[in-house]
Amino acid sequence: MNIAVLGAGYVGLTTALCMAHLGHQVSVFDTNSRRIDSLQRGVLPIFEPGLEEFLKVGLERGLLSFSQDLSSALMNKVVTFICVPTPQDEDGAADLTHVLEAVSMCSPFLDAGAILATKSTVPVGSTQRVEVALNRPDVNVVSNPEFLREGSAIKDFLNPDRIVIGSRSQAAASTMADLYADIAGSVLITSPESAELIKYASNAFLAIKLSFTNDIAALCEKTSGDISEVTLGMGLDKRIGPEFLNAGPGWGGSCFPKDTRALISIADGFGLNMPLIEAALESNERSHKRVADTIMRQLGGSLEGKKIAVWGVAFKANTDDTRESPALAVISRLRNRGAHVRAYDPVAHYEDDSFKLEVSALDAARGADALVLMTEWAEFREIDPRRVKDVMAGDSVLDCRRVLNADTWRQEFSDFRVIGSAQ
Ligand code: UGA
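Residues numbered from 1 in each chain as written. Predicted model: local features only at pLDDT ≥ 70, side-chain atom pairs only at ≥ 80, totals over all residues. Heavy atoms only, no water.

1. Quick notes on empty space enclosed by the protein
Link 1 in the chain: If you walk through the whole model with that rule in mind, you get three cavities of 30 Å³ or more.
Link 2 in the chain: Taken as a whole, the largest cavity encloses approximately 100 Å³ of empty space.
Link 3 in the chain: What lines the largest cavity is a set of 12 residues, among which E221, G248, S287, R290 and I419 lie closest to the centre.
Link 4 in the chain: Contributions of two or more residues to the lining of the largest cavity are made by α9 (192–223) and α12 (275–298). (1 Å grid on protein atoms, 1.4 Å probe; cavity = no way out; pocket = protein on both sides within 12 Å on 5 of 7 lines; lining within 4 Å. Points joined across faces, edges and corners; volume = space filled by probe spheres on them. Helix = DSSP H or I, 4+ residues; strand = E, 2+ residues; numbered from the N terminus.)

As structure tokens, this is what we get:
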């Protein structure tokens, strides 16, 4: 099928490159000329394992084109995907400006009978707003939310648990289903409003699940329970399931924080409260604070002048994304309490006026009174704790992702702690 993708960001590129992988002919449009140039040269402007190979093969097979010319990008396309960002505005609501601008730009160029599919995460009722902005009764607007995760985007796209198509037209829904015909995964056809809500409700539910896990992890620390044993036991109950129960320093990224706040704002617009989602957000803040409190306790009750090494600034492993990263939230709390932080990440970049990342994990640890692991990069598991002990000044380590081998680390560090186990 001939398709177009508007927006060469995370979701847009994964959609475009996976669709080309499935054999579709894909034109990608973006207003950012550097991005388009880079893609034409086969260089991926984002970090995502495996995706650059898909770009290379797609270009070689002649299935991908990248341009800033909207009319040629949209010409003769059966489906055009809108994949532009929906940032949050000051009130926490999703800002539809980019989506509606993209829709107005597309309007003159879409063929009669074409489908305009929104992949951007948009509030309930947006399909209707898109229809109005598009002002093309001969074009079908559908909602086709994306459920991929950064770091495992290809796997998630090509092996989805479900493909959700929100459409008022049965014919448009079945063309959309054909597009995904080579992908195994249940196809669920719903109203556009339900599709829009499925996306937000899923992210909010997962965020609640994680906040709940992190709250139980805090209780484990007080009671000598162990969160890994507790979640193993919980997850064996099929009604709960084993996935997404890893305790951590709090959840972050470009989706959960933004989408939970947006769902609260959507509900508020209808005069409804979402107390569970609000509680999940509050619990998440407390998770960040708990990390800072634990390190402070490990260092005798004050962080003033203390040197702290932080391993990982990405919001999770296998991504360079630091948006709403728990690591940055914790770093900021540590610095506010007077600590000097030296941090390292294998892939992510971050700096501000008075802060720059170190070039290696050992460099970050050099001279540190305490070390805190914030992101579960495989690289950290491989590091010999004896080498870390040699360069550190202190004896305190806090593993916020439960990935270091506690037995070997405890041989070197008498004050080695993991979140979710007795402190
Ligand atoms: C999330 C959803 O999982 C995707 O289904 C959705 O498509 C995406 O948002 C989106 O809306 O675009 P993502 O933000 O890439 O995906 O990352 P996740 O893997 O869900 O992780 C989110 C946060 O939860 C991270 O900070 C991660 O470290 C944390 N997490 C995740 C845990 O602390 N424990 C877990 O067991 C899983």
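2. Things to note about the site of the ligand
Link 1 in the chain: What surrounds the ligand is a group of 19 residues, the closest being F147, L148, E150, K199 and K316.
Link 2 in the chain: At a separation of 2.7 Å, an oxygen atom of the ligand approaches a polar side-chain atom of K199.
Link 3 in the chain: With respect to the ligand, the backbone of F315 contributes an N or O atom lying 3.1 Å from an oxygen atom.
Link 4 in the chain: Here the ligand has 710 Å² of accessible area as a free molecule, and 92% of this is covered by the chains.
Link 5 in the chain: For the shell around the ligand, the secondary-structure elements that each account for two or more residues are α9 and α11 (256–269).
Link 6 in the chain: It is α9 that contributes the most residues to the shell around the ligand, three residues altogether.
Link 7 in the chain: Here the residues of the shell around the ligand sort into nine nonpolar, three polar and seven charged. (Near = heavy atom within 4 Å. Polar contact = N/O pair within 3.5 Å; in protein donor to acceptor, adjacent residues only side chain to side chain. Areas by Shrake-Rupley, 256 points an atom, 1.4 Å probe, with all protein chains shown as cover. Nonpolar A, V, L, I, M, F, W, Y, C, P; charged D, E, K, R; others polar.)

3. Some details on the pattern of salt bridges
Link 1 in the chain: For the coordinates displayed, the defined rule picks out 22 salt bridges.
Link 2 in the chain: Across the pair R149 and D156 runs a salt bridge whose closest N-O atoms are separated by 2.8 Å.
Link 3 in the chain: A relative accessible area of 34% means that R149 is categorised as partly exposed.
Link 4 in the chain: Take D156: its relative accessible area is 11%, and that puts it in the buried class.
Link 5 in the chain: The shortest N-O distance in the salt bridge between R333 and E285 comes to 3.4 Å. (Salt bridge = Lys/Arg side-chain N within 4 Å of Asp/Glu carboxyl O. Buried < 20%, exposed > 50% of the residue type's maximum accessible area, 1.4 Å probe, protein only.)

4. Here we look at the pairing of strand β15 (residues 415–418)
Link 1 in the chain: Every second residue of β15 is oriented toward a common face, with D415 and R417 on one face and F416 and V418 on the other, all of them buried.
Link 2 in the chain: When strand β14 (residues 396–399) meets β15, the two strands line up parallel, connected through four bridges. From the neighbouring strand, L398 faces β15, where its bridge partner is R417.
Link 3 in the chain: On the question of chirality, the crossover connecting β14 to the parallel β15 by way of helix α17 (residues 406–412) is right-handed. (Pairing = 2+ DSSP bridges. Right-handed = clockwise from strand over helix to strand, strands pointing away.)

5. What to know about the environment of G42
Link 1 in the chain: Locating G42 in the fold gives a position in the loop between α2 (33–40) and α3 (51–60).
Link 2 in the chain: Distance from G42 to F54, taken between C-alpha atoms, is 9.7 Å for residues 12 residues apart in sequence.
Link 3 in the chain: Other than its neighbours up to four places away in sequence, G42 contacts E52, L55 and L59. (Contact = heavy atoms within 4.5 Å.)

6. Description of the packing of α9 against α11
Any two packed helices are characterised by the angle at which their axes cross and by the distance between the axes.
Link 1 in the chain: Between α9 and α11, the shortest axis-to-axis distance is 9 Å and the interhelical angle comes to 115 degrees. Pair α9 / α11 crosses with left-handed handedness. Between α9, through L197, K199, Y200, A201, N203, A204, L206, A207 and L210, and α11, the contact on the second element is made entirely by F256, D259, T260, A262, L263 and I266.
Link 2 in the chain: Each residue belonging to the contact of α9 with α11 can be placed in one class, and the counts come to 11 nonpolar, two polar and two charged. (Axes fitted to C-alpha atoms, helices over the stretch in contact; angles between N-to-C directions. Left-handed = near helix turned anticlockwise from the far one by under 90°.)

7. A closer look at the environment of L134
Link 1 in the chain: As for its position among the elements, L134 is in helix α6 (residues 126–134).
Link 2 in the chain: Along the sequence, L134 and F355 sit 221 residues apart, while their C-alpha atoms lie 46 Å from each other.
Link 3 in the chain: Those residues within four positions of L134 in sequence are excluded, and the remaining contacts are V103, S107, L110, L116, V139 and V141.

8. Digging into α3
Link 1 in the chain: Buried within α3 we find L51, F54, L55 and G58. The arc enclosing the buried residues of α3, seen along the axis, measures out at 100 degrees, which places them on a common side.
Link 2 in the chain: Where α3 is buried, its residues touch α1 (10–21), α2, β3 (64–67) and α7 (153–158).
Link 3 in the chain: Downstream of α3 by a residue or two, G62 has a phi angle that is positive, lying close to 70 degrees. (Arc of directions from axis to C-beta.)

These figures capture arrangement, not role.
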